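So you can see what is in the structure, the chains are spelled out below.
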Amino acid sequence: MKKLSISNPGFEIDLQNGFLSGQKVRSVERLIRDLKLFFGDENARAAMPQNELIYEVQSIQPVDEGTVGGLFFGRTIIHPGRVGSEYFMTKGHFHKKSNRGEYYWGLKGEGMLILMDRNHHVWAEKMYPGSLHYIPGHIAHRIANISDEPLIFEACWPSDAGHDYDRILYEGFSARLMEIDDMPRLVPEKN
Ligand code: PAN
Ligand code: ZN
């Protein structure tokens with residue numbers, strides 16, 4: 001950055017659909033084969049076309065992962081669908097540095113932000129265009145798409161937060177968002 005220079009920003013966001021562009025925008029796809037054991041009905045997941053795209057994440061990481069004091073920005077699209085009666089959803093995670101919080105906000109479509117504390121209490125917030133969600137530290141978070149359209153949301157989180165997926169894989173969320181009588185309901189896991 002030159003002294004007194006005036007330049008364009010490094011990144012742009014499409015205000016209609018949240019698409020991110022600019023240098024070093026990363027993209028990750030999660031296919032049905034990447035989500036082994038994340039859904040309640042593993043047999044139903046295994047019987048689906050393994051290349052089916054469930055969600056895509058774009059992210060801007062201007063500093064190295066783990067940097068204290070930086071911020072990351074992300075856009076996620078979850079495609080519509082269900083595994084058995086469970087809505088397509090993100091893996092969900094606690095942050096590795098567990099006390100790190102995050103903002104989520106809805107851009108398009110209808111979804112549910114599913115939250116779980118360290119005592120395995122689960123609750124949810126409705127996500128819709130314009131919904132804004134503060135996720136405090138120590139809270140696991142996952143999004144499900146409850147409509148027949150793609151769900152698009154964005155997020156901003158600290159660059160040293162990290163993602164702990166293993167805990168979700170081994171312990172799971174203690175309730176799942178299922179479609180029951182055409183309505184989304186949180187159903188406790190039986191263990
Ligand atoms: C988000 C999520 C993104 C994908 O950017 O990483 O929506 O969800 P999973 O990471 O659970 O697969 C975020 O919460 N970052 O911290
Ligand atoms: Zn997060």
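Residues numbered from 1 in each chain as written. Chains lettered and ligands numbered in written order. Predicted model: local features only at pLDDT ≥ 70, side-chain atom pairs only at ≥ 80, totals over all residues. Heavy atoms only, no water.

S.K.: Teacher, can you tell me more about the pattern of salt bridges here?
M.R.: Charged atoms that come close allow side chains of opposite charge to pair. With the rule as written, the count across this model stands at six salt bridges. When the shortest N-O distance is used, the salt bridge between glutamate 179 and arginine 82 registers 3.5 Å. Here glutamate 179, found in strand S14 (residues 175-180), pairs with arginine 82, found in strand S6 (residues 82-83); they are 97 residues apart in sequence, far enough to count as distant. For glutamate 179, a relative accessible area of 24% gives the class partly exposed. (Salt bridge = Lys/Arg side-chain N within 4 Å of Asp/Glu carboxyl O. Helix = DSSP H or I, 4+ residues; strand = E, 2+ residues; numbered from the N terminus. Buried < 20%, exposed > 50% of the residue type's maximum accessible area, 1.4 Å probe, protein only.)

S.K.: What is the right way to read the site of ligand 1 from this model?
M.R.: In the vicinity of ligand 1, 15 residues are found, and the nearest of them are Tyr55, Thr76, Gly92, Tyr104 and Tyr165. Residue glutamate 102 places a side-chain N or O atom 2.9 Å away from an oxygen atom belonging to ligand 1. Between ligand 1 and histidine 163 there is a distance of 2.9 Å, counted from an oxygen atom to a side-chain nitrogen or oxygen. If ligand 1 stood free it would expose 390 Å²; the protein chains cover 97% of that surface. Elements represented by at least two residues in the shell around ligand 1 include exactly strand S4 (53-60), strand S8 (102-108) and strand S13 (151-158). (Near = heavy atom within 4 Å. Polar contact = N/O pair within 3.5 Å; in protein donor to acceptor, adjacent residues only side chain to side chain. Areas by Shrake-Rupley, 256 points an atom, 1.4 Å probe, with all protein chains shown as cover.)

S.K.: For this particular structure, what's the right way to read the coordination of the zinc ion (ligand 2)?
M.R.: Put simply, the ideal angle at a metal is 109.5 degrees for four donors in tetrahedral geometry and 90 or 180 degrees for six donors in octahedral geometry. In this structure, His93 (NE2), His95 (NE2), Glu102 (OE) and His141 (NE2) serve as the protein donors to the zinc ion (ligand 2), at separations of 2.1 to 2.3 Å. Counting the intervening residues between successive donors of the zinc ion (ligand 2) yields the motif H-x1-H-x6-E-x38-H. Placement of the pair is histidine 93 in the loop between strand S7 (86-87) and S8 and histidine 141 in strand S12 (residues 140-145), with a sequence separation of 48 residues. Overall, histidine 93 belongs to the buried group, its relative accessible area being 8%. (Donors = N, O, S within 2.8 Å, 3.2 Å for Na, K, Ca; no water.)

S.K.: Teacher, can you tell me more about the sheet that holds strand S10 (residues 122-127) here?
M.R.: Strand pairing in a sheet relies on backbone hydrogen bonds. The paired strands run either parallel or antiparallel. Judged by pairing direction, the sheet is antiparallel, and its three strands sit side by side in the order S10-S9-S12 without closing on themselves. Where the open sheet ends on each side, the last strands, each with one partner, are S10 and S12. Going from strand to strand, the sheet's axes swing by 25° on average, the running direction of each strand aside. (Pairing = 2+ DSSP bridges. Axes fitted to C-alpha atoms, helices over the stretch in contact; angles between N-to-C directions.)

S.K.: Teacher, can you tell me more about the nonpolar core here?
M.R.: As a rule of thumb, nonpolar side chains are buried together in soluble globular proteins. Residues Ile78, Tyr104, Ile143, Phe153 and Ile168 are the most contacted members of the largest nonpolar core, which totals 34 residues. Taken together, the elements giving at least two residues each to this core come down to S4, strand S5 (71-78), strand S9 (111-116), S12 and S13. Per element, the largest residue contribution to this core is five residues, and it comes from S9. Contact partners of isoleucine 168, with chain neighbours within four places excluded, come to Phe38, Lys91, Gly92, His93, Phe94, Met116, Ala140, Arg142 and Phe173. (Core = buried A, V, L, I, M, F, W, Y, C linked by side-chain atoms within 4.5 Å. Contact = heavy atoms within 4.5 Å.)

S.K.: Honestly, the confidence of the model for the chain in this entry has me stumped. Any pointers?
M.R.: The predicted coordinates ought not to be read in detail in places where the model reports low pLDDT. Overall, the prediction assigns the chain a mean pLDDT of 97, with 99% of residues at 70 or greater. At the level of individual helices and strands, the chain shows its lowest average pLDDT in helix H2 (residues 166-171), which scores 94, and its highest in strand S11 (residues 132-135), which scores 99. (pLDDT = per-residue confidence, 0-100.)

S.K.: Honestly, the sheet that holds S4 in this entry has me stumped. Any pointers?
M.R.: Taken in spatial order, the six strands line up as S3-S4-S5-S13-S8-S11 in an open sheet, and their pairing is antiparallel. Since the sheet does not close on itself, it has two edges, and those belong to strand S3 (25-31) and S11, each with one partner. Across the sheet, the mean angle from the axis of one strand to that of its neighbour is 20°, orientation sign disregarded. Taken together, the four bridges between S8 and S11 define a ladder with antiparallel strand orientation. Pairing of tyrosine 104 across the sheet is with histidine 133, part of S11.

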